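For reference, the chains in residue letters:
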Amino acid sequence: MSSAPLIPDATLRPPTGSSIAHPRPFGLRLVPSADGMSREVAHINNVEYVRWIDRAAELHADSLGHTRELLLASGRMWFVARHEVDYRAEVFPGDELHVFTWIRSVSRVTSWRDTTILRARDGAVVCSASTCWALVDLATRKPARIPAEMLLAFEPLEAGCTSRSSSIPNAS
């Protein structure tokens, strides 16, 4: 199974009245192909949504100059600590989707990133997700402090890292 390409689009804006909290979310366009179909049910497999969420985070970081290649060269990498994914509507091959992602909050070593996926034709939210990312030192496999320049580049909505559900302890 292969994931459809996400195309960054600096002109893409959330619809008026949407639940997207950040004033400048990173926008991407996506049109899923039949390659992402579930084998059991005639719709795009939910695993594809998680791939899109991960890829949107990567492309947002890339656009700010914090690529995975540069992180690897510095001996650090972002690891997912937790995904909270709400599947709200089915998606089918050929549906045009708009993906918006932004950093909600940060702490010393973690950040919560929110992602909303909308169906373009009707503006319906098909998926909303929150991901807690931990920056990890690859040599020690311990959390690493997020550099100040990275924090500034990501423009988080707030300081402090808390879950949408507040069901897990703060990782910092």
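Below you will find a few notes about this structure. (Residues numbered from 1 in each chain as written. Predicted model: local features only at pLDDT ≥ 70, side-chain atom pairs only at ≥ 80, totals over all residues. Heavy atoms only, no water.)

## Quick notes on the packing of aromatic side chains
Geometry of an aromatic ring pair is reported as the spacing of the ring centres plus the angle between the planes.
Turning to step 1, where the next piece is worked out: Applying the stated criterion across every chain yields a total of two aromatic pairs.
Turning to step 2, where the next piece is worked out: An angle of 85° between the planes, with centres 5.1 Å apart, marks the rings of Y49 and Y87 as edge-to-face. Here Y49, found in helix α1 (residues 46-63), pairs with Y87, found in strand β3 (residues 76-87); they are 38 residues apart in sequence, far enough to count as distant.
Turning to step 3, where the next piece is worked out: Relative accessible area serves as the criterion here: at 1%, Y49 is assigned to the buried category.
Turning to step 4, where the next piece is worked out: Take Y87: its relative accessible area is 37%, and that puts it in the partly exposed class.
Turning to step 5, where the next piece is worked out: Site record: aromatic cluster; members linked through ring pairs are Y49, W52 and Y87. (Phe/Tyr/Trp six-rings, centres within 6.5 Å; stacked < 30°, edge-to-face > 60°. Helix = DSSP H or I, 4+ residues; strand = E, 2+ residues; numbered from the N terminus. Buried < 20%, exposed > 50% of the residue type's maximum accessible area, 1.4 Å probe, protein only.)

## Notes on the pairing of strand β6 (residues 125-137)
Turning to step 1, where the next piece is worked out: Counting buried positions over the 13 residues of β6 gives eleven, a clear majority of the element.
Turning to step 2, where the next piece is worked out: Summarising the sheet, β3 and β6 pair through eleven bridges and their orientation is antiparallel. Bridge assignment links Y87 to a residue of β6, and that residue is C127.
Turning to step 3, where the next piece is worked out: Once strand β5 (residues 110-119) ends, the chain turns through five residues before running back antiparallel as β6, passing G123 with a positive phi of about 75°.
Turning to step 4, where the next piece is worked out: Linking two consecutive strands that pair antiparallel, namely β6 and strand β7 (residues 142-143), is a turn of four residues; a positive phi of about 60° is found at R141 within it. (Pairing = 2+ DSSP bridges.)

So, to be careful, I would describe these as geometric facts and stop short of saying anything about function.
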